[in-house]
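# Structural overview for review
Each chain, written out:
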Amino acid sequence: MKGGFGKGKGKGKGFGGGKGFGKGKGKGKGKGKGKGKGFAKVVVEPHRFAGVFVSRGKDEAMLTKNMVPGESVYGEKRVQVDGPEGSNEKIEYRVWNPFRSKLGATIVGGVGQMPIQPGSKVLYLGSASGTTVSHVSDMVGPEGCVYAVEFSHRSARDLTNMAKKRPNIVPILEDARQPLKYRMLVGMVDVIFSDVAQPDQARIVALNAQMFLKVNGWFIISIKANCVDSTAAPEAVFASEVEKLKKDNLRPKEQLTLEPYHRDHAIVIGQYRPFKTA
Ligand code: SAM
């Protein structure tokens, strides 16, 4: 698929260390208009993870397919390419900046598996204003669903406004420590993603997994070392969090640090009460 880079005016600093990777300038809404004057040619290819794409060419970037064409969520650039031959259709993608998103950094950082995919039901704890939630919404698409929990009123207001245009997001203004309060809103999910940056995050994930995560379902946790223990070495904090998870039937399968995108952060991915394989 060939097309062009929109004139995004996001805050993205460029990423991946690669030349021209997602270099947004200044602040404000992205204004990508696709092919036309001033737009470098790009080719969009599927990433090895379903629901994620990569643009090749002068500006290389990771992308998700925009569920709301014509709109950016946090000032990110957009890319348009021609749709199927013979149609006048355009397909629009949004640049996913790993400096703004732990999940984005996880993918760019080369994680081995990504349980969030088209059609997934995801419980997202610590949504903030929805930067990453919006990309998860693109990834899971119209058949999927993102239950987005956030307890800050200020952030939840932005999240709710964004969700008005994205029917696959259910914004939930609640404390993730009290899953009983939102049990009527959330179904069983395939994946829990947690980025609450709290010292008791392992417990928060366990409480939510017991209530909403399918057996054999997946969890992805972003651990910010100094939020758990600012006196210990990050590696020691990550190891002790992994032990806490194991005690609650959350079996880690993979761990990676998010350097250079997020300092002293690690991601742990694993399965809940996985079936025993022979
Ligand atoms: N995941 C977001 C993203 O990528 O755009 C950033 C999340 S930020 C690091 C952490 C968020 O978790 C904050 O917005 C904070 O208000 C929220 N949070 C912290 N503790 C929470 C809790 N117990 N329940 C719900 N939200 C919580």
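The following paragraphs examine the structure supplied in this document. (Residues numbered from 1 in each chain as written. Predicted model: local features only at pLDDT ≥ 70, side-chain atom pairs only at ≥ 80, totals over all residues. Heavy atoms only, no water.)

### Side note on the overall build of the protein chain
What counts, and what does not: Labels follow the DSSP assignment, with helices taken as runs of H or I lasting at least four residues and strands as runs of E lasting at least two, numbered in each case from the N terminus. Exposure classes here rest on a 1.4 Å probe applied to the protein chains alone. A residue is buried below 20% of its type maximum, exposed above 50%, and partly exposed in between. For this analysis, residues touch if any pair of their heavy atoms sits within 4.5 Å. To be clear on the numbers: accessible area is Shrake-Rupley with a 1.4 Å probe, and residue cover counts the displayed protein chains and nothing else.
Along the protein chain, the regular secondary structure elements total 6 helices and 13 strands. Within the protein chain, the proportion of its 278 residues that are buried is 52%. Nonlocal contacts in the protein chain, meaning residues at least 24 apart in sequence, comprise 63% of its contacts between residues at least 6 apart. As displayed, the protein chain has an accessible area near 13100 Å², and 51% of this comes from carbon and sulfur atoms.

### What to know about the packing of aromatic side chains
Just so we agree on the cut-off: Here is the rule: rings of Phe, Tyr and Trp (six-membered ring for Trp) pair when centre to centre is within 6.5 Å. Planes less than 30 degrees apart are stacked, more than 60 are edge-to-face, and the remainder are tilted.
Within the structure shown, the criterion is met by 4 aromatic pairs. Ring plane angle 70 degrees and centroid distance 5.1 Å describe the contact between Phe99 and Tyr261, whose orientation is recorded as edge-to-face. Of this pair, Phe99 sits in the loop between β6 (90-95) and α1 (102-108) while Tyr261 sits in the loop between β12 (250-257) and β13 (265-272), and the two are 162 residues apart along the sequence. The exposure class assigned to Tyr261 is buried, which follows from its relative accessible area of 12%. A ring pair is formed by Tyr182 and Phe212, whose centres lie 5.7 Å apart and whose planes are at 20 degrees; its orientation type is stacked. Here the residue Tyr182 occupies a position in the loop between β9 (169-173) and β10 (189-194), and Phe212 occupies one in helix α4 (residues 201-212), the gap between them amounting to 30 residues. Of the residues examined, Tyr182 reaches a relative accessible area of 0% and is grouped as buried. Phe212 sits in the buried class, given a relative accessible area of 2%.

### A few points about the pairing of strand β4 (residues 61-65)
Condition: Here the rule is simple: two strands pair whenever DSSP picks up at least two bridges between them.
Judged by how many residues are buried, β4 sits mostly within the fold: 4 of 5 residues are covered. The sheet contact formed by strand β3 (residues 53-57) and β4 spans 3 bridges and is antiparallel. Bridge pairing links Phe53 to Leu63 in β4. Where β3 folds back onto β4 in an antiparallel hairpin, the turn is made up of 3 residues. With 3 bridges connecting them, β4 and β6 associate as antiparallel partners. Across the sheet, residue Leu63 finds its bridge partner in β6, namely Val95.

### Observations concerning the pairing of strand β11 (residues 213-224)
Looking at chain direction, β10 and β11 are connected through 5 bridges and run parallel. Bridge pairing in β11 links Ile192 to Phe219. Pairing between β11 and β13: 7 bridges, direction antiparallel. Its bridge partner lying in β13, Trp218 is registered against Gln271.

### Some thoughts on the site of the ligand
Threshold: Here a residue counts as near a molecule or strand whenever at least one of its heavy atoms sits within 4 Å of it. Whenever a nitrogen or oxygen atom comes within 3.5 Å of another N or O atom, the pair is scored as a polar contact, on the condition that within protein one atom can donate a hydrogen and the other can accept it, and that pairs from neighbouring residues in sequence are kept only if both atoms are in side chains. Only Asp, Glu, Lys and Arg are considered charged in this grouping, and only Ala, Val, Leu, Ile, Met, Phe, Trp, Tyr, Cys and Pro are considered nonpolar; every other residue, Gly among them, is considered polar.
Around the ligand, the structure places 17 residues, and the nearest of them are Tyr124, Thr132, Glu150, Asp175 and Gln198. In the model, a nitrogen atom of the ligand is placed 2.8 Å from a nitrogen or oxygen of the Asp175 side chain. At a separation of 2.8 Å, a nitrogen atom of the ligand approaches a polar side-chain atom of Asp195. Starting from 610 Å² of accessible surface for the ligand in isolation, the protein chains cover 84%. Residues of the shell around the ligand, tallied by class, amount to 5 nonpolar, 6 polar and 6 charged.

### Comments concerning the environment of Lys214
Checked against the element boundaries, Lys214 lands in strand β11. For Lys214 and Val191, which are 23 residues apart along the polypeptide, the C-alpha to C-alpha distance reads 8.2 Å. Setting aside residues up to four positions removed in sequence, Lys214 forms contacts with Met188, Val189, Asp190 and Tyr272.

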